Protein chains: 2
Amino acid sequence: MLLYLHANKLTRLEKLFSSIKIQVNEKLFIKDPDSSQLGKKIVEHSIYLIDEIGFEEFTFKKLGVRIGSPESTIYRYFENKHMLLVYITSWYWTWLEYRLVFSTNNISSPEERLKRAIAIVTEPVKQDSNYSHINEVKLNRIIISESLKAYFTKEVDEANKEGFYMVYKSIVQRISEMVLDISPKFKHPHTLISTVVEGAHQQKYFSEHLPSLTDVGNNDDKIVSFFTNLVFSMLKNG
Amino acid sequence: MLLYLHANKLTRLEKLFSSIKIQVNEKLFIKDPDSSQLGKKIVEHSIYLIDEIGFEEFTFKKLGVRIGSPESTIYRYFENKHMLLVYITSWYWTWLEYRLVFSTNNISSPEERLKRAIAIVTEPVKQDSNYSHINEVKLNRIIISESLKAYFTKEVDEANKEGFYMVYKSIVQRISEMVLDISPKFKHPHTLISTVVEGAHQQKYFSEHLPSLTDVGNNDDKIVSFFTNLVFSMLKNG
DNA sequence: CAAATATAATAGCATTACTATCGTTTTTGC
DNA sequence: GCAAAAACGATAGTAATGCTATTATATTTG
């Protein structure tokens, strides 16, 4: 009975979550792709197509063929393919931030809270049925192998001024604060956490393509435990 | 007198170094750019131009205008701009590997040796007068902001098979062995070192463009000390 | 000094990365 | 339920990119 209630409570919380629209910075699109069927189709199939052929080979022309619309229509939603990449990247981090907040909320132990936070940013992603037009597993693969191209560009400073990377920074900020909850005198929480977030992605990529650069094999748990261990080692040694 | 001899010895070692040609995997070019004046000019100005306008905006056409040669001539040296990026990246890591070997050679203390190795891969780069057509400072900036584009591509597996990333892997392998010299039972030396090498680059980039993701400010020494501390903390805590 | 090789000059072509126009469908506000 | 507005599809067009090809001239090498 208690179990039942508990499960029921989770379900209701999840329902609450399912009603949350992932709000992405409005400057990232011309017309909100979440406001129409076509817009969702564009985002859905761009994730499929980028995952398939890579961002360099990806063009609006090819995407148009895939969804049966002319490329000019896609240009009504996104300025260019780079902005679409920034958009889906931003969507991903917004989605992850909700999961981060959900997972760490009401956890009284600061250590347990930080552990959960590290897990969220380092463990493999599962499909989230609340957003049916987004394949989070494929999106995660894109984030790992392509999203750096959204950050390492000559326009990074202007993009940053426009707030394109706000959600990403917010996640790093949140987890940094959890670090400080444990060790208020720790001097480099942001450096530590940004290293962990990017490092986890890299290790996943290396394990699949350049395995001699890792020791994690195809065991994703090792990535979680390595970086968890890394963070707590650093906190222990100042 | 002793000091003089010491200085003299260094000079001779350096002279030895100056005669070393940086040998890059022959599959990376069509005609060895190091075999002609024009080839060196292509490499020299590609570094300037990529640093100036970024890799996306960089084209053989623009490079041709810069050096006063038609683009078709550049195509006789490199298959395309991506291969040129792989080439200069590979040149950089080969150069850094020599410096790594030079700096850690004959250091009897394993801790001191590892410290020096970490410094080589995390500290700022200085101009090396031995290779007058290469601006190592600008090249380092390119490595930090563009070289991931040489690794994160759909062709990564074939490129890896061809040995394009061999030198990079060799550096990680060397430093991993230094880690094992100190802690033979440490389970994740490659993961640790590849995280450090890439992490140091990222922190440098973040400090210049996304400063809220770091705590290092514009103090490069903090990057060296953070990652040195990170490695030794991990070794201490298994 | 001849033969081989490298380079410059030029042209050309398919694809990319957009922008513009215009008729038709769909949505919306009353 | 209908008119106005907005969105979409179809098509065309343009400058730049990413190459390849050709030929004449210069340079190197045997």
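Please refer to the structure higher up on the page.
Residues numbered from 1 in each chain as written. Chains lettered and ligands numbered in written order. Predicted model: local features only at pLDDT ≥ 70, side-chain atom pairs only at ≥ 80, totals over all residues. Heavy atoms only, no water.

On to the protein's contact with DNA strand C. Lining the immediate surroundings of DNA strand C are 17 residues, of which A:Glu71, A:Asn80, B:Ser69, B:Arg76 and B:Tyr77 lie closest. Sugar and phosphate atoms represent 53% of those atoms of DNA strand C found within 4 Å of the protein. Contact between DNA strand C and B:Arg76: a base nitrogen at 3.4 Å from a side-chain N or O atom of the residue. One of the side-chain nitrogen or oxygen atoms of B:Tyr77 is found 3.0 Å away from a phosphate oxygen of DNA strand C. Mapped by element, the contributors of at least two residues to the surface near DNA strand C are α4 (71-74) of chain A together with α4 (71-74) of chain B. Looking at the surface near DNA strand C residue by residue, the class counts come to four nonpolar, seven polar and six charged. (Near = heavy atom within 4 Å. Polar contact = N/O pair within 3.5 Å; in protein donor to acceptor, adjacent residues only side chain to side chain. Helix = DSSP H or I, 4+ residues; strand = E, 2+ residues; numbered from the N terminus. Nonpolar A, V, L, I, M, F, W, Y, C, P; charged D, E, K, R; others polar.)

Let us look at the packing of aromatic side chains. In total, this model carries 28 aromatic pairs over all chains according to the counting rule given. Ring centres 4.2 Å apart and planes at 25° place the aromatic pair A:Tyr205 and B:Phe152 in the stacked group. Pair noted here: A:Tyr205 is in helix α11 (residues 189-209) and B:Phe152 is in the loop between α8 (148-151) and α9 (156-161), and the two residues belong to different chains. Classification of A:Tyr205 as buried rests on a relative accessible area of 4%. A network of ring pairs unites the aromatic residues A:Trp91, A:Tyr92, A:Trp93, A:Trp95, A:Tyr131, A:Tyr151, A:Tyr165 and A:Tyr168 as a single cluster. The ring of A:Trp95 has A:Arg99 sitting right over it, with the charged end atom 4.9 Å from the ring centre. (Phe/Tyr/Trp six-rings, centres within 6.5 Å; stacked < 30°, edge-to-face > 60°. Buried < 20%, exposed > 50% of the residue type's maximum accessible area, 1.4 Å probe, protein only. Lys NZ or Arg CZ within 6 Å of the ring centre and 35° of its normal.)

The next point concerns the layout of surface pockets. Taken as a whole, the largest pocket encloses approximately 1,000 Å³ of empty space. A:Glu56, A:Lys149, B:Phe55, B:Glu56 and B:Lys81 are the residues nearest the centre of the largest pocket, which is lined by 39 residues in total. For the lining of the largest pocket, the secondary structure elements donating two or more residues are α5 (81-104) and α9 (156-161) of chain A together with α5 (81-104) and α9 of chain B. At four residues, the largest contribution of residues to the lining of the largest pocket is made by α5(A). Each residue belonging to the lining of the largest pocket can be placed in one class, and the counts come to 12 nonpolar, eight polar and 19 charged. (1 Å grid on protein atoms, 1.4 Å probe; cavity = no way out; pocket = protein on both sides within 12 Å on 5 of 7 lines; lining within 4 Å. Points joined across faces, edges and corners; volume = space filled by probe spheres on them.)

Turning our eyes to something else, we now look at helix α2 (residues 37-53) of chain A. Residue and element names in this part refer to chain A. The terminal C-alpha atoms of α2, which comprises 17 residues, lie 24 Å apart, in line with the 24 Å expected from a rise of 1.5 Å per residue. Tucked into the core, α2 has its buried residues touching α3 (60-67), α4, α5 and α7 (136-146). Looking at the residues trailing α2, positive phi occurs at Gly 54, about 85°. (Expected span 1.5 Å × (residues − 1). Contact = heavy atoms within 4.5 Å.)

Quick look at helix α6 (residues 110-122) of chain A now. When the terminal C-alpha atoms of α6(A) are compared, their 18 Å separation across 13 residues agrees well with the 18 Å that a helix rising 1.5 Å per residue should span. Within α6(A) the residues assigned to the buried category are A:Arg113, A:Leu114, A:Ala117, A:Ile118, A:Ala119, A:Ile120, A:Val121 and A:Thr122.

What follows covers the interface of chain A and chain B. On the chain B side, the residues contacting the 51 residues of chain A number 52 residues. Inspection of the chain A/chain B interface yields zero salt bridges. At the surface where chain A touches chain B, the tally comes to 24 residue pairs in polar contact (both at pLDDT 80 or more). Among the secondary structure elements, those contributing two or more residues to the side of chain A that touches chain B are α2, α7, α8 (148-151), α9, α10 (166-182), α11 and α12 (220-236) of chain A. (Salt bridge = Lys/Arg side-chain N within 4 Å of Asp/Glu carboxyl O.)

Turning to the protein's contact with DNA strand D, a few remarks are in order. In the neighbourhood of DNA strand D, 16 residues make up the surrounding shell, with A:Ser69, A:Arg76, A:Tyr77, B:Glu71 and B:Tyr75 lying closest. Here the atoms of DNA strand D within 4 Å of the protein split so that 50% fall in sugar or phosphate, with bases taking the remainder. At a separation of 3.5 Å, a base oxygen of DNA strand D approaches a polar side-chain atom of A:Ser72. Within the side chain of A:Tyr77, an N or O atom sits 3.0 Å from a phosphate oxygen of DNA strand D. The residue makeup of the surface near DNA strand D, split by class, is four nonpolar, seven polar and five charged.

What follows covers the pattern of salt bridges. Pairing is possible between side chains that carry opposite charge, provided their charged atoms lie close to one another. All names here are of chain A. Enumeration according to the criterion identifies 28 salt bridges over all chains in this entry. Note that Lys 149 is salt-bridged to Glu 56, the shortest N-O span being 3.1 Å. Taken together, the residues span a long stretch of sequence, with Lys 149 in helix α8 and Glu 56 in the loop between α2 and α3 at a distance of 93 residues.

Moving on to empty space enclosed by the protein. Residue and element names in this part refer to chain B. Under the definition given, this model contains five cavities of 30 Å³ or more. Estimated volume of the largest cavity: approximately 60 Å³. The wall of the largest cavity is formed by Val 86, Thr 89, Ser 90, Trp 93, Tyr 151, Phe 164, Tyr 165, Met 166, Val 167 and Tyr 168. Take the lining of the largest cavity: its biggest share by element is four residues, from α5. Per-class residue counts for the lining of the largest cavity are eight nonpolar, two polar and no charged.

Each copy superposes on the other: chain A lies on chain B with an RMSD of 0.0 Å after a rotation of 180° and an axial shift of 0.0 Å. Taken together, the turn and the small shift mark the pair as related by a two-fold rotation axis. If distances are taken from each C-alpha of chain A to the rotation axis, the shortest is found for A:Ser233, at 2.9 Å. By residue overlap, the copies meet face to face through one surface: 100% of the interface positions of chain A are interface positions in chain B. (Least-squares fit on C-alpha atoms with pLDDT ≥ 70 in both.)

These figures capture arrangement, not role.
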